[in-house]
Protein chains: 2
Amino acid sequence: MNNFIFHVPTKVYFGKDEHKNLSEIMKSFGTNVLLVYGSGSIKKSGLYESVMAQLNEKNMYELANVAANPRLESVVEGVTLCRNNNIDVILAIGGGSVCDCSKAIAGATYFDGDAWDMIMDPISLNKAVPIVSITTLSGTGSEMNCTGVITNQEINDKRGFRHPLLFPVVSILDPTLTYTLPKNQTAAGCADILSHLFEIYFNRVEGAYVQEELCHSFMKTVFKYSPVVMDKPDDYEARSNLMWAATLTLNSLAGSGFAQGWSCHAMQHVLGAFYNNTHGVGLAILTPAWMRYILDETTVSRFVKYGVHVLGIDSNKEDFEIANEAIQMTQDFFVNVLEIPSTLHEVGIDDTRFEEMAKKAIQSKNGVIKGFKTLYEQDVVNIYNICK
Amino acid sequence: MNNFIFHVPTKVYFGKDEHKNLSEIMKSFGTNVLLVYGSGSIKKSGLYESVMAQLNEKNMYELANVAANPRLESVVEGVTLCRNNNIDVILAIGGGSVCDCSKAIAGATYFDGDAWDMIMDPISLNKAVPIVSITTLSGTGSEMNCTGVITNQEINDKRGFRHPLLFPVVSILDPTLTYTLPKNQTAAGCADILSHLFEIYFNRVEGAYVQEELCHSFMKTVFKYSPVVMDKPDDYEARSNLMWAATLTLNSLAGSGFAQGWSCHAMQHVLGAFYNNTHGVGLAILTPAWMRYILDETTVSRFVKYGVHVLGIDSNKEDFEIANEAIQMTQDFFVNVLEIPSTLHEVGIDDTRFEEMAKKAIQSKNGVIKGFKTLYEQDVVNIYNICK
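Residues numbered from 1 in each chain as written. Chains lettered and ligands numbered in written order. Predicted model: local features only at pLDDT ≥ 70, side-chain atom pairs only at ≥ 80, totals over all residues.

**Q** Any chance you could explain the overall build of chain A here in plain terms?
**A** Along its length, chain A carries 15 helices and 10 strands. Relative to the globule expectation of 21 Å for 388 residues, the C-alpha radius of gyration of chain A, 20 Å, shows essentially globular dimensions. Seen through its C-alpha atoms, chain A measures out along the principal axes to roughly 65 × 45 × 40 Å. For chain A, the residues scored as buried account for 56% of the 388 residues in total. (Helix = DSSP H or I, 4+ residues; strand = E, 2+ residues; numbered from the N terminus. Rg over C-alpha atoms; globule rule 2.2 N^0.38 Å. Buried ≥ 20, exposed ≤ 12 C-beta atoms within 10 Å, placed from the backbone.)

Structure follows, in C-alpha cells:
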C-alpha cells in the first residue's frame, strides 16, 4: 500500500427527499446565489421550481445550458456573473458536467489570470466561491471531490484540474432525482462509475487489500444494479446504491493507497475534445480494447482477481483464460446490459484523426501514459484502431 | 437504505514515516500545545523524543497517564491545563482512549459547566480546542470520528458523547507505530474493529448493499490479517490494512444508511465502568453470546449473509446451520487466533453484580436497547450469564 493523504470535507445529505432541505442548508451561505445547470431537464422535472420556491429570499442569478462536456465559454460566462454580482455561493444542479463547470467558475472568479490558465495550473488558488451541489445524474463523483474537466474547443483540448478549495461544501444526493433520466444517460453514468473503478483498480501496487476490496464492492454494485435501473428507472434500492457507489468511487476513498494511471480517460478526453462524444460511452468503448491490449504476464494477476472476486469466474481455470473471460464479460456488460455501442464508428468517429488525437493524449500526460502498463503514442493509435 | 448525513472533515496522513511530518503539520496550529498520552509506551518507542524534537519551537504542556478506559479525572486535569495555558491545539498520541480523552478536554475547555455535564449533553458546544492525533493502536477509529467514551468511576458510569466540533482536524496514521504493541493490545484492537463491524452490520435495514459490502470488506480484512500480526507484529501489509480498516469502520462510512443499535457496547461499557476490563476483550466475550441469544427467524438472514460472504460457509447449507457455524467460527477466531478468554470469569468478573450492571446498561439506552433485536433488562442479565 502506498502512503496517501485523505481529506474529503464535503458534507453529504443522502437520501429520498433530501433536496427539500435546501432552504435550510443554504441559510448560512449569503444572499447572492449563482444557479448553474444544464439543458433544462430540471425545469421539466419540477426541481427548478422547488429550488426557486425554497430560495425565494435569495438574489438568484443563473448560468444555464452547461454542456455535457462543459466548455470554457460557460466558465468564462460564470466568472463574469460571479464577479459582477458578488456571488456568495454557487448552486450546481446537474451531473458531473455542471459540477465541474461550477468548480472552474468557483476557482477562476478569484484567480489572477484568465480561466484557462487556472485550469492548466490551479496551484496558486487561495480563494474560491463555495459550492453547494444537487446531483441529478450518478457517475462522475464530482459532487464529493475537488477535480473537474473542462473542454477548450478553440484548441481541441480537454483538461482536468484539481484544488482542495474546490470541494463542494455541501452535496445533496437524492436518488429519486435520477428517476427521470433518459435511459442512455443512466447507462453512460453506470459505465462511467465502472470506468473509474477500472482506472483505479488496475495498477501495480501490491498489499492494498482494503482498497482492492472497496473496488470489488463498488464494481459488484454496478454489475448488480445496472440491469435493474435500465429496466425499472424508479427502483430506489438500485438508484441509491449506484449513487452512493459512484460518489465513494471518486471521492478518493477507493484509490488512496494505489498508484493510478487513468489511461482510458486520457484517451477519451481527446475524443471528447475533438468529437464531443458522451464521456461514459467513449470509456465503455475504449476500456475493453485497452484491457486486451495491455494483458500480458505482468498484468494478468489483477485481471484474475477481478474475474474471480467480482465476476465470479471459477478460480481453478488458467490465468489467461480467466482474464480473457473477464474482459469479454466486461464488454458484454457494456453492450448488452447498458446498450452502449462497441465501436467508435457507431458513435460517428472515424480513423482520420487517430494520430493527431494520440499525440494530444500523450501530450496531456507529459509525453507518456504511465498507467497499469506504460503507453506511448503508437500504443494509443493501436488502441483507437482496435475500437474502429 | 436509510437517509443519512455524511461529513468527515478530518485530514488523514496515512503511511510509513508519516509521523515525521508532524512539524510541518503543526505549523498552522499556534504555539501552545497540550500533549496527551497514556502509560508512557511512547517514551520507550522513541516517538516522544521525535515529537519533542520536531516541536521544539512550541510551548509544550503535558497530560500523561490517560487510562485505557479514560477517566473523568484526566479530562478535568486536561481542561485546567488548557484554560490556564491558553492551549491552541491538543496533540493526542495513543489509541482510542487518548483520543477520546482529548475530545472531552477539547469540548469541556469551552463548555459552560463541568466536564461530566458536557459528556452527558454536548449539544450546546460552540467551540472546541482543535485536535491533532497520532494513532499508535488500531481499533477504535476515534482518530476519524467525533465521538468518545469517558468513565466516571465515582458513579460507576461510562458514557459516550459526540459533537461535530470534536473531529480531530488532522490524524496521522503510521502503521509502523503499531509494530511495538504488546500482543494482547494488538488482539484487543482487532477484536474491537470486528465488534464495531458487528454492531453496524447486524441491523434490519434492507437494500443497503453498498454498506453491507463495505462491512464484508472490513470484516474480511480483520480475519485475513489478524493471524499475521499476532505472529509477525512488524508486517507492514497487515498492519496498514488493519489500521485503515479500523479507521474506515468507525468514521461512519460503513454505517451510514443503516440503523445501528450498539447492543454489545452498551453491555460492555458497564463492565468497563464497574471492572475496568479491556474494552476489546469484553466485546469479544459478549459478542458470540449476544449473537446466540438473538438468533431467530427474524435475524437469521443477516447471519447467513455474514457466514457466506465473509466466512465462506457453503450457501447450500440450511440457514440456521450456516448461522450457528458462523457464530462458532467467530468465537473460535476470538479465542484461538486473538487468544482472548471466552468467559467473564477468566477476566475477573463474577455474577454478583449482573443485575446492577444490566439495569445500568438499560438506563444508558433510555430504558431499552433497540438493537438488531430489542433487549430489556432481563435479556442483558441472561447474556451476562451466558458469558459467566
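**Q** In this structure, what is going on with the domain arrangement of chain A? I would like to understand it.
**A** Where interface size is quoted, it is often the accessible area lost as the parts come together. Residues and elements named next belong to chain A. What the domain assignment reports for chain A is domain 1 (11-177) and domain 2 (183-386). If you average the C-alpha positions of domain 1 and of domain 2, the two centres end up 26 Å apart. If you look at the interface, domain 1 gives 20 residues, while domain 2 gives 28 residues. Counting residues per element, the ones that place at least two in the side of domain 1 that touches domain 2 are strand 6 (147-152) and strand 7 (157-162). At 3 residues, the largest contribution of residues to the side of domain 1 that touches domain 2 is made by strand 7. A per-class count over the side of domain 1 that touches domain 2 returns 7 nonpolar, 8 polar and 5 charged. (Domains from an automatic or database assignment. Contact = placed C-beta atoms within 7 Å. Nonpolar A, V, L, I, M, F, W, Y, C, P; charged D, E, K, R; others polar.)

**Q** Can you walk me through the relation of the copies chain B and chain A in this structure?
**A** Two chain copies, one operation linking them: a rotation about an axis together with a shift along it. Rotating chain B by 180° about the axis while translating it 0.0 Å along that axis superimposes it on chain A, leaving an RMSD of 0.0 Å. The operation mapping one copy onto its partner corresponds to a two-fold rotation axis. Relative to the rotation axis, the C-alpha of Pro9(B) is the closest in chain B, positioned 2.1 Å from it. A share of 100% of the interface residues of chain B reappears at the interface of chain A, consistent with the copies meeting face to face through the same patch. (Least-squares fit on C-alpha atoms with pLDDT ≥ 70 in both.)

**Q** Looking at this structure, how should I read the confidence of the model for chain A?
**A** Here chain A averages 95 in pLDDT, and 100% of its residues register 70 or above. For this predicted complex, the interface confidence score (ipTM) comes to 0.95, while the overall pTM stands at 0.96. (pLDDT = per-residue confidence, 0-100.)

**Q** What's the story with the interface of chain B and chain A in this structure? I'm lost.
**A** Contacts between the two partners involve 30 residues from chain B and, on the opposite side, 30 residues from chain A. Where the side of chain B that touches chain A is concerned, the elements lending two or more residues are strand 1 (4-14), helix 8 (209-231) and helix 9 (236-249) of chain B. At 10 residues, the largest contribution of residues to the side of chain B that touches chain A is made by strand 1 of chain B. Of the residues contributing to the side of chain B that touches chain A, the split by class is 14 nonpolar, 9 polar and 7 charged. Bridge count between strand 1 (residues 4-14) of chain A and strand 1 of chain B: 7 bridges; the pairing is antiparallel. Bridge pairing links Phe4(A) to Phe14(B) in strand 1 of chain B. (Pairing = 2+ DSSP bridges.)

**Q** Is there a simple way to think about the packing of helix 14 (residues 354-364) of chain A against helix 15 (residues 377-386) of chain A in this case?
**A** Packed helix pairs are characterised by how far apart their axes lie and by the angle those axes make with each other. All names here are of chain A. Here helix 14 crosses helix 15 at 130°, and the two axes come no closer than 8 Å. One element, helix 14, and the other, helix 15, form an angle in the oblique class. Seen from above, helix 14 lies across helix 15 with right-handed handedness. In this structure, helix 14 contributes Phe 354, Glu 355, Met 357, Ala 358, Lys 359, Ala 361 and Ile 362 to the contact, and helix 15 contributes Glu 377, Val 380, Val 381, Tyr 384 and Asn 385. (Axes fitted to C-alpha atoms, helices over the stretch in contact; angles between N-to-C directions. Parallel < 35°, antiparallel > 145°, perpendicular 65-115°, else oblique. Left-handed = near helix turned anticlockwise from the far one by under 90°.)

**Q** Looking at this model, I keep getting lost on the environment of Val281(B). Mind explaining?
**A** Residue and element names in this part refer to chain B. Mapped onto the secondary structure, Val 281 falls in helix 11 (residues 279-294). According to the C-beta neighbour criterion, Val 281 is buried, with 22 such atoms within 10 Å. Between the alpha carbons of Val 281 and Ala 53 there is a distance of 36 Å; along the sequence they are 228 residues apart. Once you skip the residues sitting within four places of it in the chain, Val 281 turns out to touch Ala 188, Ala 191, Ile 340 and Val 347.

**Q** Sorry if this is basic, but what is going on with helix 8 (residues 209-231) of chain A here?
**A** One turn of the α-helix equals 3.6 residues, which is why residues spaced by three or four share an orientation. Over its 23 residues, helix 8 of chain A runs 34 Å from end to end, which matches the ideal 33 Å to within 8%, given 1.5 Å per residue. The largest bend along helix 8 of chain A measures about 35° and falls at Tyr225(A), with the proline Pro227(A) one to four residues further on. (Expected span 1.5 Å × (residues − 1). Bend = angle between axes of the 7 residues up to and from the residue.)

**Q** Explain the nonpolar core to me, please; I cannot follow it from the model alone.
**A** If you look at soluble globular proteins, the nonpolar side chains tend to sit buried side by side. One finds Val36(A), Ile90(A), Ala191(A), Val36(B), Ile90(B) and Ala191(B) to be the most contacted residues of the largest nonpolar core, which totals 258 residues. Excluding its chain neighbours within four sequence positions, the residues that come into contact with Ile90(A) are Leu34(A), Val36(A), Ser102(A), Ile105(A), Ala106(A), Val129(A) and Ile131(A). (Core = buried A, V, L, I, M, F, W, Y, C linked by C-beta atoms within 7 Å.)

**Q** Can you walk me through the sheet that holds strand 5 (residues 131-135) of chain B in this structure?
**A** Overall, mixed pairing links the 12 strands, which are arranged 3(A)-2(A)-4(A)-5(A)-8(A)-1(A)-1(B)-8(B)-5(B)-4(B)-2(B)-3(B) in an open sheet. Two strands bound the open sheet, and with one partner strand each, they are strand 3 (59-63) of chain A together with strand 3 (59-63) of chain B. Here the average twist between neighbouring strands, direction ignored, is 25°. Looking at chain direction, strand 4 (residues 89-94) of chain B and strand 5 of chain B are connected through 5 bridges and run parallel. Among the inter-strand pairings, Leu91(B) is bridged to a residue of strand 5 of chain B, identified as Val132(B). Where helix 5 (residues 96-108) of chain A meets the sheet, its contacts fall on strand 2 (32-36), strand 4 (89-94) and strand 5 (131-135) of chain A, and the angle it forms with strand 4 of chain A comes to roughly 160°.

**Q** Sorry, what's going on with the packing of helix 8 of chain B against helix 9 of chain B here?
**A** Residue and element names in this part refer to chain B. The contact between helix 8 and helix 9 brings their axes to 9 Å, and the two run at 145°. At the point where helix 8 passes helix 9, the crossing takes the left-handed sense. Residues Phe 218, Thr 221, Val 222, Tyr 225, Val 228 and Val 229 of helix 8 pack against Ala 238, Arg 239, Asn 241, Leu 242, Ala 245, Leu 248 and Thr 249 of helix 9. Classifying every residue of the contact of helix 8 with helix 9 by side-chain character gives 9 nonpolar, 3 polar and 1 charged.

**Q** Is there a simple way to explain helix 12 (residues 300-309) of chain B in this structure?
**A** Residue and element names in this part refer to chain B. Listing the buried residues of helix 12 in full gives Phe 303, Val 304, Tyr 306 and Gly 307. Projection of helix 12 onto a plane perpendicular to its axis shows the buried side chains occupying an angular sector of 165°, all on one side. Considering only its buried residues, helix 12 is in contact with helix 7 (183-201) and helix 13 (319-337). (Arc of directions from axis to C-beta.)

**Q** When you look at the pairing of strand 8 (residues 170-173) of chain B in this model, what are you seeing that I'm missing?
**A** A regular strand places its side chains on the two faces of the sheet in alternate fashion. All names here are of chain B. Of the two faces of strand 8, the one holding Val 170 and Ile 172 and the one holding Ser 171 and Leu 173 are both buried throughout. Looking at chain direction, strand 1 and strand 8 are connected through 4 bridges and run parallel. Looking at strand 8, one finds that Val 12 is bridged to Ser 171. In this sheet, strand 8 lies alongside strand 5 in parallel orientation, the contact comprising 4 bridges. Considered in strand 8, the bridge of Ser 133 is made with Ser 171.

**Q** How should the environment of Lys305(B) be read in this particular structure?
**A** Residue and element names in this part refer to chain B. Within the secondary structure layout, Lys 305 lies in helix 12. Residue class for Lys 305 comes out partly exposed when judged on the 18 C-beta atoms lying within 10 Å of it. For the pair Lys 305 and Phe 161, spaced 144 residues apart in sequence, the C-alpha separation works out to 32 Å.

**Q** Would you mind going over unusual backbone geometry with me for this structure?
**A** Note: most peptide bonds trans; most residues except glycine with negative phi. Residues and elements named next belong to chain A. Backbone geometry at Asn 366 places phi at a positive 60°, although glycine is not the residue there. Relative to the helices and strands, Asn 366 resides in the loop between helix 14 and strand 9 (369-370). By the C-beta count within 10 Å, which is 8 here, Asn 366 ends up exposed.

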